[in-house]
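Coordinate analysis (summary)
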Amino acid sequence: MDDNASPLASNLMVNRKPPEMILPMEPTPHEFKPLSDIDDQPILRFLVPGIHFYSANSDMTRQDPVGVIREAISKALVYYYPLAGRLRQVSDGNKLAVECTGEGVLFIEADADATLNEFGDLRPPFIGIDNLLVPNSYYGITNCPLLFIQATRLKCGGFILSWCVNHTMCDAYGIFQFLIAVSELARGFEAPTLLPVWERHIFNAREKPRVTHGHPEYECVESNSTPPFPPFSNGVDMVERTFLFARDDIAAVRSHLPPHLHNCSTLDILLACIWRSRTIAISHDDDDEVRIIYPVTARSRFNPPVPQGYYGNAFAMCAVIARAGNLLRKPLHYAIELLKENKHTVTEEYMKSLADFMVTRDRPQLMLSKAFILADNTRTEFQQVDFGWGKAIYAGVATVRLGQLEGMCSFCIGSNNEKGDSRIMVPMCLPPKAMEIFTK
């Protein structure tokens, strides 16, 4: 295991041009498309930031990456035209729908006074990240763009693409699918290989809702209440660092587990290790109920399966709950066993029950008190997004400083070291003292 201890360089100088709207290249339908009852839950009403770093390509010296990407986005929005619309509150005021207005996505062209090498080992926190993302003064959830993109040229001939997407529109696979479409069109494809599918009704509540499963992730929190964020989320300076887990690290932990857990997944081990270490770092009382929350995809759990081109949210938030004292004093395999017991909860019926639960309980807030969310993005291969300059050197989450979720949410990001060996990055954001304890 390694952590990102290298010092950050001086401020990154970025010259941005004024923002523009990229419209679909052809006329698109003007219509309202309701989001699913999974899409518009309160916890997803925020923007997810991603970033891709690309090196120079000698075969592309006559091409401008910003111009190529701008044109490809315009072409892709013909197929993904809801992303060029605006989110509206409809019916009871708590339900969301996209008005497909064709107004476009917000785009900024920029140039940075830096080379790719100056960014060092690419992992969050990135040098000058605030200058590489569209300024947050443009952000919003309703009645504004659903996607914000900045393309930044580097002095070396490489470039950086960043994006912030409204999570109610897409999960990680959904935005990846859109970016793959943009990259294919940038490379001269006539149309995306995989065409988008809307069909948000798949994840809607039934005509006669019936909650058939427990949903403790939302326990005791009403939709009109303030989310119970931890005390360090406001007014406390936070430290962001990335921890690296190589195969050998995971194998070493697995070797100390009881025989019946030797086949547990890498994700189980990571979830357990990070949950336990963070609980120690936060110094919870022994009797505190602490929870790890992690998204579980439902794409393959429907019969028939969810259509391959579906780009909406197709997952459930699953929670494992334990007393802090038990988590700290019992061996690591205690946490892993809790996670394994919960692993097969998500089924088609579970998702229908969750949608019914959302509607009958007026879309409750996720229970975030003494909780930590860890999403596994290792299977969403953002590095494969190739606009003609080759695969990204790094592609994934741009930062875990996610507004009110700061310090409460992170991601597992797949990457390779300089030798090509696979590893998993986990950025963490904690108060300084807690970060010291977590690192130990």
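Starting afresh in each chain, residues are numbered from 1 along the sequence in its written order. At least 70 in pLDDT is required for a residue's local features to be given in this predicted model, at least 80 for side-chain atom pairs to be given and counted, and no such filter applies to totals for whole chains, interfaces and linings, which use all residues. Heavy atoms throughout the structure, all of them, feed into the side-chain values; hydrogens and water do not.

1. Some thoughts on the overall build of the chain
What counts as a helix is a DSSP run of H or I of at least four residues, what counts as a strand is a run of E of at least two, and both are numbered from the N terminus. Regarding its fold elements, the chain presents nine helices and 17 strands. Our radius of gyration looks at C-alpha atoms and nothing else; its globule reference is 2.2 Å times the residue count to the power 0.38. The C-alpha atoms of the chain give 22 Å as radius of gyration, which agrees with the globular expectation for 440 residues (22 Å, within 12%). The principal-axis extents of the C-alpha atoms in the chain amount to approximately 60 × 55 × 40 Å. Each residue gets one of three labels from its accessible area relative to the maximum for its type: buried under 20%, exposed over 50%, partly exposed in between, using a 1.4 Å probe on protein chains only. The burial tally for the chain puts 55% of its 440 residues in the buried class. For this analysis, residues touch if any pair of their heavy atoms sits within 4.5 Å. Of the contacts made within the chain by residues no fewer than 6 positions apart, 80% connect residues no fewer than 24 positions apart.

2. Thoughts on the sheet that holds strand β6 (residues 86–90)
Strand pairing requires that DSSP identify at least two bridges connecting the strands. The strand order β4-β7-β6 describes an open sheet built from three strands, whose pairing is antiparallel. Among the strands making up the open sheet, the edge pair consists of β4 (32–34) and β6. Within the sheet, the average angular offset between the axes of one strand and its neighbour, ignoring direction, is 35 degrees. Two strands pair when backbone bridges link them, and β6 and strand β7 (residues 95–99) are joined in this way by five bridges, in the antiparallel orientation. Looking at the pairing, Val 90 lines up with Lys 95 of β7. Only C-alpha atoms enter the line fits that serve as axes; for helices the fit covers just the stretch in contact. Angles between N-to-C directions range over 0 to 180 degrees.

3. So, helix α8 (residues 348–360)
An ideal rise of 1.5 Å per residue puts 18 Å on 13 residues; α8 measures up with 18 Å between its terminal C-alpha atoms. Within α8 the residues assigned to the buried category are Tyr 350, Met 351, Ser 353, Leu 354, Ala 355, Asp 356, Phe 357 and Met 358. Among the structural elements, β13 (315–323) are those in contact with the buried residues of α8. Immediately beyond the C-terminal end of α8, within one or two residues, lies Asp 362, with a positive phi of roughly 60 degrees. Every helix has an expected span of 1.5 Å times one less than the residues it contains.

4. A look at the packing of helix α5 (residues 266–282) against helix α9 (residues 432–439)
In the contact formed by α5 and α9, the axes pass within 8 Å of each other and the chain directions differ by 135 degrees. Between α5 and α9, the angle falls in the class oblique. Note that α5 runs across α9; the crossing there is right-handed. Between α5, through Ile 274, Ser 277, Arg 278, Ile 280, Ala 281 and Ile 282, and α9, the contact on the second element is made entirely by Ala 434, Ile 437 and Phe 438. Per-class residue counts for the contact of α5 with α9 are seven nonpolar, one polar and one charged. The cut-offs work like this: below 35 degrees is roughly parallel, past 145 is roughly antiparallel, 65 to 115 is roughly perpendicular, and the gaps in between are oblique. Take the far helix as the reference: if the near one is turned anticlockwise from it by less than a right angle, the crossing is left-handed, and if turned clockwise, right-handed. Only Asp, Glu, Lys and Arg are considered charged, only Ala, Val, Leu, Ile, Met, Phe, Trp, Tyr, Cys and Pro nonpolar, and every remaining residue, Gly among them, polar.

5. Side note on the confidence of the model for the chain
pLDDT measures how confident the predictor is about each residue, on a scale from 0 to 100. Here the chain averages 90 in pLDDT, while 93% of its residues score no lower than 70. This stretch, residues 1–8, has a pLDDT under 50; its non-local contacts, to residues over four places away or in other chains, come to 20 contacts. Scored below 50 in pLDDT, residues 221–229 makes 17 contacts in the model with residues more than four places away or belonging to other chains.

6. Brief notes about the pairing of strand β12 (residues 289–297)
In terms of strand pairing, β12 meets β13 through nine bridges, oriented antiparallel. Following the sheet pairing, Tyr 294 is matched in β13 by Cys 318. Alignment of β12 against strand β14 (residues 371–376), held across three bridges, turns out to be parallel. Across the sheet, the residue bridging to Arg 291 is Ala 371, located in β14.

7. Here's the deal with the environment of Val 90
Turning to its location among the elements, Val 90 is positioned in strand β6. Linking Val 90 and Pro 34, residues 56 residues apart in sequence, is a C-alpha distance of 8.7 Å. Here Val 90 is in contact with Lys 95, Leu 96 and Ala 97, once residues within four sequence places are set aside.

8. Comments concerning the packing of aromatic side chains
Pairing of aromatic side chains here covers Phe, Tyr and the six-membered ring of Trp, requires ring centres within 6.5 Å, and sorts the geometry by plane angle: under 30 degrees stacked, over 60 edge-to-face, intermediate tilted. One pass over the full model with this rule turns up 18 aromatic pairs. Plain terms: the ring middles of Tyr 54 and Phe 159 are 4.7 Å apart, the flat faces sit at 15 degrees to each other, and that makes the pair stacked. In this pair, Tyr 54 sits in strand β5 (residues 47–54) while Phe 159 sits in strand β10 (residues 159–166), placing the two residues 105 residues apart along the sequence. As far as burial versus exposure is concerned, Tyr 54 and Phe 159 are alike and both buried. Ring pairs connect the aromatic residues Phe 53, Phe 119, Phe 126 and Tyr 394, which therefore count as one cluster. Only when the NZ of Lys or the CZ of Arg is both within 6 Å of the ring centre and within 35 degrees of the ring normal is a charge said to sit over the ring. Lying across the ring of Tyr 311, Arg 200 places its NZ or CZ 5.1 Å from the centre.

9. Here's the deal with empty space enclosed by the protein
In this analysis the probe radius is 1.4 Å and the grid spacing 1 Å, with only protein atoms considered; a cavity is a set of points the probe fits into but cannot get out of, a pocket is an open set with protein on both sides within 12 Å along at least five of seven lines, and lining residues have an atom within 4 Å of a point. Grid points are joined across faces, edges and corners, and a volume is the space filled by probe spheres set on the points. A full pass over the atoms with the stated rule returns one cavity of 30 Å³ or more. Reported here for the largest cavity is a volume of approximately 30 Å³. Lining the largest cavity, in full, are Trp 275, Arg 278, Thr 279, His 284, Val 290, Arg 291, Lys 370, Ala 371 and Phe 372. For the lining of the largest cavity, the elements supplying multiple residues, two or more each, are α5, β12 and β14. The greatest single-element share of the lining of the largest cavity, amounting to three residues, is contributed by α5. Across the lining of the largest cavity, the residue classes tally to four nonpolar, two polar and three charged.

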